[in-house]
Amino acid sequence: MTEKELQRLVEHVSLEKFGWPFKHRASFNNRLRTTGGRYLLRSHNIEINPKQLLYYGAETLVGIIKHELCHYHLHLQGRGYQHRDQDFKRLMEKVGAPRFCEVVPGTVRTSSAIHRYQCENCSLVYKRKRKLDVRKYVCGKCKGKLKKI
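Attention in this report is confined to the structure presented alongside it. (Residues numbered from 1 in each chain as written. Predicted model: local features only at pLDDT ≥ 70, side-chain atom pairs only at ≥ 80, totals over all residues. Heavy atoms only, no water.)

Digging into unusual backbone geometry
Negative phi characterises most residues that are not glycine, and trans characterises most peptide bonds. Spelled out, the test is: Secondary structure elements are taken from DSSP: a helix is a run of H or I of four residues or more, a strand is a run of E of two residues or more, and numbering for both begins at the N terminus.
Not every positive phi belongs to a glycine, and His44 is a case in point at roughly 70°. Tracing the chain through its elements places His44 in the loop between strand S2 (37-39) and strand S3 (46-48). One non-glycine residue with positive phi stands out, namely Lys143, at about 70°. Tracing the backbone through its elements, the reader meets Lys143 in the loop between strand S5 (125-128) and strand S6 (146-148).

Written out as structure tokens, the structure is:
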């Protein structure tokens, strides 16, 4: 599917399911990894993960487009466009948009904590992205000495 075909599909889904035109740009973004698509608040454009189309087909792609169009139309109308808002939940149910997308094979969602430390006193475990100097830092709970595990 080309960018032009995606643009036409988004415009068609917008008119058919929502009754409102899509007046901005829809494009594929190869850098998206753990999400099916995203709505950009400043530009009002929609970006779609092309791997969703590749692995799960056109039906899943249309579902992602409907989800992003819910964000788009509610934001432009000044209504609740975030996942937690009732307006968003109601509109998603009305148009049959999915809440989540499928996980693309090969994309692993892992914990970002690389370094683990444990208090020698109370055994509390700390997970950190950055390395700590155990000579400088102590346990926040009991002031005990930390050790890398």
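So, next bit.
Comments concerning the sheet that holds S5
Condition: Two strands are counted as paired when DSSP detects at least two bridges linking them. Lines are fitted to the C-alpha atoms to define the axes, a helix being fitted only along its stretch in contact, and any angle between axes, read from their N-to-C directions, falls within 0 to 180 degrees.
Pairing in this open sheet of 3 strands is antiparallel, and the strands run S5-S4-S6 from one edge to the other. Strands with a single pairing partner mark the edges of an open sheet, and in this sheet they are S5 and S6. For this sheet, the mean inter-axis angle between neighbouring strands, taken without regard to orientation, is 30°. Note that strand S4 (residues 115-119) and S5 share 4 bridges and pair antiparallel. Residue pairing across strands places His115 opposite Arg128, the latter belonging to S5.

Quick notes on the pairing of S4
Both faces of the sheet carry side chains from a regular strand, because those side chains alternate between them. Under the convention used in this document: Under the scheme applied here, a residue whose accessible area is under 20% of the maximum for its type counts as buried, over 50% as exposed, and between as partly exposed, the area being computed with a 1.4 Å probe on protein chains only.
With 4 of 5 residues buried, S4 lies mostly within the body of the structure. By the bridge criterion, 3 bridges tie S4 to S6 in an arrangement that is antiparallel. Paired with Gln118 across the strands is Lys147, a residue of S6.

Function cannot be read off these values alone, since they describe shape.
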